[in-house]
Amino acid sequence: MTKKVLISTGGSGGHVVPAITIYNHLKNTHEILISTDKRGLSYIDQNFNVLVINTPKLNNYFLFPFSLLKILFLTIKSFFVLKKNNISILISTGGYMSLPICLAAKILGINIFLIEPNMVLGRANKFFLNFSRKLICYSKNLINLPSGINHKLITIKPLIRKEYYETSKHQKQDNLFTIIIIGGSQGAKIFDELLNKSFVAVAKQASIKIIHQTSEKNINFLKDFYFQNNIESRVFSFDHNLSEVLKEGDLCITRAGASSLAELSFLNIPFIAIPLPSSKDNHQYENAKYYEEQDCCWIIDQKNFDDQKFEKFLLKLTNKSQDYMTKKNNLQKLNYQNTWNNVNQKILKIINEN
């Protein structure tokens, strides 16, 4: 009998991308539902069978009692959804949006598998760790992991969308050193403000091309800026076919979400990580540090950004310095034997284990 699985996700792309990837790993062997909050819907294709459980955030002290009541209501709703659909496995990618569905799964005695894509154990995953069967992550050195819980820890290669395995690793159309700026689905306004003048300075000494992801409202400004400074560019907002964009790049400047770094790493693109300073438990910095310790990337502190130092550093990279080539070679070694089939077989083994 085919096991029925519910994958709980929502919030940001950092939660949804691993959920969709897990879905694609399991869709041929299991019946699957996906639950998400309204924020997560924008990252999910309409073809998926999606259940909306719009869990409120718990960060407003004045509304906290009402939020708890809503979570109680959503837990009851989740209880009946799980029971009606005869769900036997719950997979959660973490975040506050997972609370009602995980609580209901615990009451029903459903096997819970937690996925932690970050290098820091998230608070929701930490809360449900004792109730879960396994915690699936990318490193044994997970930060904030409680003692005595190592027997639940299973490491896999980072969850990367299937299209990244199916695309060629590199496809440049010209000889320009191409720099890609990725700010996430909302764009990173600070990237627009920090980097522009540096690109102008570098473009006077090297042949570069800029591919810049930004927010919708900032597209026209950036297009005009690059045009006026005679820098070849492409400016866009959130792109679901990001794999096609990334493979044109020689270097990426990015935040440090776990999925973004894993995909850049897999495509063998050296990257400069500028972690979001306000990320919970500083998890973006720790994500980037994982790659820095393996000499695969560079980390720049946004708070101490020095444009003159950055320009000199960037100019060296455009000449494909020894440091740049070392990072590129180390990324290739890091992803040795990282195939869709290898990851697929390990996930199936974990989920189907008695």
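Above: the structure in question.
So, here is what we can say about the structure in this document.

Parameters at a glance
- Residues numbered from 1 in each chain as written.
- Predicted model: local features only at pLDDT ≥ 70, side-chain atom pairs only at ≥ 80, totals over all residues.
- Heavy atoms only, no water.
- Pairing = 2+ DSSP bridges.
- Helix = DSSP H or I, 4+ residues; strand = E, 2+ residues; numbered from the N terminus.
- Axes fitted to C-alpha atoms, helices over the stretch in contact; angles between N-to-C directions.
- Contact = heavy atoms within 4.5 Å.
- Salt bridge = Lys/Arg side-chain N within 4 Å of Asp/Glu carboxyl O.
- Buried < 20%, exposed > 50% of the residue type's maximum accessible area, 1.4 Å probe, protein only.
- Polar contact = N/O pair within 3.5 Å; in protein donor to acceptor, adjacent residues only side chain to side chain.
- Parallel < 35°, antiparallel > 145°, perpendicular 65-115°, else oblique.
- Left-handed = near helix turned anticlockwise from the far one by under 90°.
- Nonpolar A, V, L, I, M, F, W, Y, C, P; charged D, E, K, R; others polar.

### Concerning the sheet that holds strand β3 (residues 50–52)
In space, the seven strands of this open sheet follow the order β3-β2-β1-β4-β5-β6-β7, with parallel pairing throughout. Whereas interior strands pair on both sides, the edge strands pair on one side only; in this sheet they are β3 and β7 (153–155). Neighbour to neighbour, the strand axes of the sheet diverge by 25° on average, direction disregarded. Where strand β1 (residues 4–8) meets strand β2 (residues 31–36), five bridges bridge the pair, whose relative direction is parallel. Within the sheet, the bridge partner assigned to Ile7 lies in β2 and is Ile34. The sheet contacts of helix α4 (residues 99–108) involve β1, β4 (89–92) and β5 (111–116), and relative to β4 the element is tilted by about 150°.

### Digging into the pattern of salt bridges
On inspection of all chains with the given rule, the structure shows nine salt bridges. Salt-bridge contacts for Arg123 lead to Asp281; the nearest nitrogen and oxygen are separated by 3.1 Å. Taken together, the residues Arg123 in helix α5 (residues 123–128) and Asp281 in the loop between β12 (271–273) and α11 (283–292) connect sequence positions 158 residues apart. The class of Arg123 is exposed, set by a relative accessible area of 55%. Here Glu263 makes a salt bridge to Arg161, at a shortest N to O gap of 2.9 Å. Here the residue Glu263 occupies a position in helix α10 (residues 258–266), and Arg161 occupies one in the loop between β7 and α6 (162–166), the gap between them amounting to 102 residues. On the basis of relative accessibility, which here comes to 17%, the residue Arg161 falls in the buried class. Beyond isolated ion pairs, a larger network of salt bridges with shared partners links Asp295, Asp323 and Lys327.

### Here's the deal with the environment of Lys27
By secondary structure assignment, the location of Lys27 is in the loop between α1 (13–26) and β2. Of the residues examined, Lys27 reaches a relative accessible area of 42% and is grouped as partly exposed. As for Lys27 and Val5, which are separated by 22 residues in sequence, their C-alpha atoms are 9.6 Å apart. Here Asn24 takes part through its side chain, which lies 3.5 Å from a polar atom of the side chain of Lys27.

### What to know about the packing of helix α7 (residues 189–203) against helix α12 (residues 307–318)
Two elements in contact, α7 and α12, have axes whose closest approach is 9 Å; the angle formed by their N-to-C orientations is 50°. One finds that α7 runs oblique with respect to α12. Considering the relative orientation of α7 and α12, their crossing is right-handed. Each of Leu195, Lys197, Ser198, Phe199, Ala201 and Val202 in α7 lies in contact with α12, whose residues at this interface are Asp307, Phe310, Glu311, Leu314, Leu315 and Thr318. In terms of residue class, the contact of α7 with α12 is made up of seven nonpolar, two polar and three charged.

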